[in-house]
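Reading the structure
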Amino acid sequence: MRFDIVSVFPEFFQVLDLSLVGKARERGVLEVAAHDLRDWTDDPHRTVDDTPAGGGAGMVMRADIWGKAIDELLAGPARKTGEEEAVAQGRATGGRSARACSRGTGKLREGAKRPNTVPNATPEAFRAVLAIPTPSGTPLTQRACERLAGQADRIIVACGRYEGIDARVAEHYAGRGVEVFEYSLGDYVLNGGEVAAVALVEAVGRLLPGMVGNPESLLEESHSAAGLLEYPVYTRPVEWRGLRIPEVLLGGNHREAARWRRDRSLERTAARRPDMIAGLDARAMDKKDRRMLAELGFMANRGSSHPTPMRIREAGPADAEALAALAARTFPDACPAWLGREDMDAFIAENLSAERFGEYLADPHWLVLVCEDAGEGGTGFAGYTLCLLPEADGAAGIEEGAPVNATVDGVVRDGPLVELSKFYVDRAWRGSGVSGALWRATLAGLSQRTRQWREPFVWLGTNEGNRRARKAYRKMGFAEVGERTFMVGDEPNSDVIFARRIHVA
Ligand code: 6GU
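First, a word on scope: everything that follows refers to the structure included in this document. (Residues numbered from 1 in each chain as written. Predicted model: local features only at pLDDT ≥ 70, side-chain atom pairs only at ≥ 80, totals over all residues. Heavy atoms only, no water.)

**Details of the site of the ligand**
The full set of residues close to the ligand is Pro-133, Thr-134, Pro-135, Tyr-183, Ser-184, Leu-185, Gly-186, Tyr-188, Val-189, Leu-190, Gly-192 and Ala-196. The contact in question runs from a nitrogen atom of the ligand to an N or O atom on the backbone of Leu-185, over 2.7 Å. For the ligand, a nitrogen atom lies 3.0 Å from a polar atom in the backbone of Leu-190. Burial of the ligand by the surrounding chains reaches 96%, relative to a free accessible area of 290 Å². Those elements giving two or more residues to the shell around the ligand turn out to be strand 5 (128-139) and strand 7 (179-184). (Near = heavy atom within 4 Å. Polar contact = N/O pair within 3.5 Å; in protein donor to acceptor, adjacent residues only side chain to side chain. Areas by Shrake-Rupley, 256 points an atom, 1.4 Å probe, with all protein chains shown as cover. Helix = DSSP H or I, 4+ residues; strand = E, 2+ residues; numbered from the N terminus.)

Take a look at the structure:
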């Protein structure tokens, strides 16, 4: 791979003699030559710019000067200086390679006396790319760097200054079949393309075979194919200024450490680059990934291609219709298989209609939380919770079987006994982490509303035969404290009663 960088500040590129890139140049993996654009001028002032056509501030770099420089460099690598040749073949010392950079800046004349190492050179044969750094280019990405490292033999970097390079330069070479790559480092403006040229050499150069000692370090880094930012890294001392390396990285359990790193990657990416979360392949994620993402405000189920942002919020009167639709969809999931459709429909019509939800939503004793798909073209509600708060330190739902005298973890209740009347997640969102996130938000809301009490409880009843729900409630910190009979339509159902403390440590 050879870079030819053209700039009015060729000395700038002496930095490329240092570190990794410098070593690769010594080893011949990479050749870099910097050239002075002014060497292609003919006038005594060595002018490279002129005033902008159509008026405006600043100066524009002339197409004719750039054309001469690029034509000559495209014509092939015959024009290596002797020292560059030495660098490429690994004969140079560090000191000579440093000179190769700064001395390789002279105009490399047509018909130079050195032999052309690749005869009949054409842009195609060299797979040459004309790279033009500009704040109006496409963002430089790891994908673009990987493609250049894999496919280009020669990259000519045309560093503009002032207001940029006459647009016909890019147009002309693209028309001649040269790949023109106008790229930007990010949404800010530099004074010229030199810094961006160094960035390109380093980002592409380190991907060349034989450049990075441990190729695995290429796999796990930020912007690798996984589409996540890298996790935080640590090394000794184990404790520094009161900060310890996370224990999970010291214990020697590689699976746990890998999971921890994956979670930190997801966390960082969600916080710093939410745009990258939306680009993740949801089908490549496991249940733990989805749970973590739900904590971070994104939801993905097994059927979705990409995670979407989710919002958990208190429902308002305008949500009654959508809530009733979700409730009607989800209620049958919790019923035993033998229960008739008519009984379920009767229950839904009586307790889960839009009118009923309208009443719940208007009554301050009910706390209704919804989890919704907040992405573009969101699919609506994925789940909801419905809590009934009693007056003062009373018990909500006494006639429903509230465990008024129950103790939990050996603790006696001090404060209200809230009823978790409904907690449903749409079938499509099972296993997505939505229910965990919705539950934590609900518990936080209850804790907030009962904070003047020392030890408030929350209770619920669920069908005895619904093992999935029973297991889920135990995981949510509930303990079985009793039983009740619950009517769905005309059918009596055996329910289990669960309770737990609201305040968490
Ligand atoms: Cl590639 N060039 C200039 N002049 N400014 C930039 C940039 C490039 N990328 C971000 N800002």
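Having put the structure on the table, let's press on.
**Some details on the side chain of Glu-372**
Within the secondary structure layout, Glu-372 lies in strand 12 (residues 366-373). The contacts of Glu-372, once residues within four sequence positions are left out, are Met-299, Pro-309, Met-310, Arg-311, Arg-313, Gly-380, Phe-381 and Ala-382. (Contact = heavy atoms within 4.5 Å.)

**Some remarks on the packing of aromatic side chains**
If you walk through the whole model with that rule in mind, you get 15 aromatic pairs. Feature note: the residues Phe-331, Phe-347, Phe-357, Tyr-360, Trp-366, Tyr-384, Tyr-424 and Phe-486 constitute an aromatic cluster, connected by ring pairs. (Phe/Tyr/Trp six-rings, centres within 6.5 Å; stacked < 30°, edge-to-face > 60°.)

**Considerations on helix 6 (residues 142-151)**
Listing the buried residues of helix 6 in full gives Gln-142, Ala-144, Cys-145, Leu-148 and Ala-149. One side of helix 6 carries all its buried residues, which in axial view fall inside an arc of 160°. Where the residues of helix 6 are buried, they touch strand 5, strand 6 (154-158), strand 7 and helix 8 (194-205). (Buried < 20%, exposed > 50% of the residue type's maximum accessible area, 1.4 Å probe, protein only. Arc of directions from axis to C-beta.)

**Describing the nonpolar core**
Of all hydrophobic cores here, the largest spans 32 residues; its most connected members are Phe-3, Ile-5, Leu-30, Ile-155, Val-157, Leu-200 and Val-204. Of all the elements in the fold, those that place two or more residues in this core are strand 1 (2-7), helix 1 (19-27), strand 2 (31-36), strand 5, helix 6, strand 6, strand 7 and helix 8. The element that contributes the greatest number of residues to this core is helix 8, accounting for seven residues. Ignoring any residue separated from it by four or fewer positions in sequence, one finds Val-204 in contact with Met-1, Phe-3, Cys-145, Leu-148, Ala-149 and Ile-155. (Core = buried A, V, L, I, M, F, W, Y, C linked by side-chain atoms within 4.5 Å.)

**Concerning a positive patch on the surface**
On the surface, Arg-255, Lys-287, Lys-288, Arg-291, Arg-302, Lys-471 and Lys-475 cluster together into a patch of positive charge. Of all the elements in the fold, those that place two or more residues in the positive patch are helix 12 (287-295) and helix 17 (467-475). Tallying contributions element by element places helix 12 first for the positive patch, with three residues. With respect to the helices, strands and loops of the structure, Lys-288 is situated in helix 12. (Patch = residues over 30% accessible without salt bridge, like charges linked within 9 Å, V, L, I, M, F, W, Y side chains within 5 Å. Salt bridge = Lys/Arg side-chain N within 4 Å of Asp/Glu carboxyl O. Lys, Arg positive; Asp, Glu negative; His and termini not counted. Charge placed at Lys NZ, Arg CZ, Asp CG, Glu CD.)

**Side note on the sheet that holds strand 16 (residues 417-425)**
On the basis of which strands lie adjacent, the open sheet formed by eight strands has the order 10-11-12-13-16-17-19-18 and mixed pairing. Edge positions in the open sheet fall to strand 10 (298-299) and strand 18 (479-488), since each of these has one partner strand only. Pairing geometry for strand 11 (residues 308-314) and strand 12, over five bridges, is antiparallel. Across the sheet, the residue bridging to Met-310 is Asp-373, located in strand 12. Contacting strand 16, strand 18 and strand 19 (491-501), helix 14 (residues 341-351) runs over the sheet at an angle of about 100° to strand 18. (Pairing = 2+ DSSP bridges. Axes fitted to C-alpha atoms, helices over the stretch in contact; angles between N-to-C directions.)

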